[in-house]
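Notes for the structure review
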Amino acid sequence: MTSIITIADSGLSKTQKNPCIETSVVRNVSSLIDKDNGISHYYVVCKARELSKFSTDKNLRDYMGMEGSTKNKTSIHKEIRESMRHQSSEFKVLHSGFTVVAESAKENTNRTLMDVENAQLINGAQSQGVLIDLMLEMESDEQLNSAYHNALISIEIICTSDIELRNEICNS
């Protein structure tokens, strides 16, 4: 019988206010209008394991599979899971990606790490929850570095120091 592993005792990182994520690709896609308004906009490709670092506190929709949730998982949750299980190498192109709002983001000089300050995952909580559940299952079977952990995902990161704008983006 397999024991249940939680993020606290797994190899996955705990949620962090200021995560440092390991990246494969980072592109600054800020427009001139973004820059004029003090907004930075990034397209990031990273491994799915990095998702566990992002809080969903400001997300309008909590993960339905979360312990204590009054809502049940849907057929969409099953589709996300099956997509990752059977097409993990194509997950990034099959999935619409994730959106994070943050105060700032800075790519480290080695171009493989990105520090994200006051980060909130505002789009993708259901997918994040399904993928974390799947990775935790693999870890309970002592597969700490599975194809699911290493599958690539895309994250849009929108940065602004304007707290009111960040809150507006989170609530839109």
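Here the structure is a predicted model, which is why all the values come from computation and not from measurement. (Residues numbered from 1 in each chain as written. Predicted model: local features only at pLDDT ≥ 70, side-chain atom pairs only at ≥ 80, totals over all residues. Heavy atoms only, no water.)

With that settled, the discussion passes to the overall build of the chain. A tally of helices and strands in the chain yields six helices and seven strands. Along the chain, helices (α) and strands (β) appear in the sequence β-α-β-α-α-β-β-β-β-α-α-β-α when read from the amino end. Within the chain, the fraction of its 172 residues that count as buried is 43%. Residue pairs in contact within the chain that sit at least 24 positions apart in sequence constitute 73% of those at least 6 positions apart. Split by element, the accessible area of the chain, about 9,700 Å² in all, is 48% carbon and sulfur. (Helix = DSSP H or I, 4+ residues; strand = E, 2+ residues; numbered from the N terminus. Buried < 20%, exposed > 50% of the residue type's maximum accessible area, 1.4 Å probe, protein only. Contact = heavy atoms within 4.5 Å. Areas by Shrake-Rupley, 256 points an atom, 1.4 Å probe, with all protein chains shown as cover.)

This part is about the confidence of the model for the chain. In low-pLDDT segments, the atomic positions of the prediction should not be examined closely. Per-residue confidence for the chain gives a mean pLDDT of 84; residues scoring 70 or more make up 84%. Low pLDDT, under 50, characterises residues 1-5; the predicted model gives this stretch seven contacts beyond four residues in sequence or across chains. (pLDDT = per-residue confidence, 0-100.)

For helix H4 (residues 125-140), built from 16 residues, the straight-helix expectation of 22 Å at 1.5 Å per residue is met to within 8% by its first-to-last C-alpha distance of 22 Å. Among the 16 residues in H4, 14 count as buried, and that is most of the element. Two residues or fewer past H4, Glu142 is found with a positive phi of approximately 60 degrees. (Expected span 1.5 Å × (residues − 1).)

Two faces belong to every sheet, and in a regular strand the side chains alternate between them. Taking every second residue as pointing to the same face, the buried face of strand E5 (residues 113-117) carries Met114 and Val116, while none of Leu113, Asp115 and Glu117 on the other face is buried. In this sheet, E5 lies alongside strand E1 (residues 20-28) in antiparallel orientation, the contact comprising three bridges. Residue pairing for E5: Cys20 is matched across the bridge by Asp115. Both strand E4 (residues 104-107) and E5 contribute to a ladder of four bridges, which runs antiparallel. Counterpart to Glu107 in the pairing with E5 is Met114. (Pairing = 2+ DSSP bridges.)

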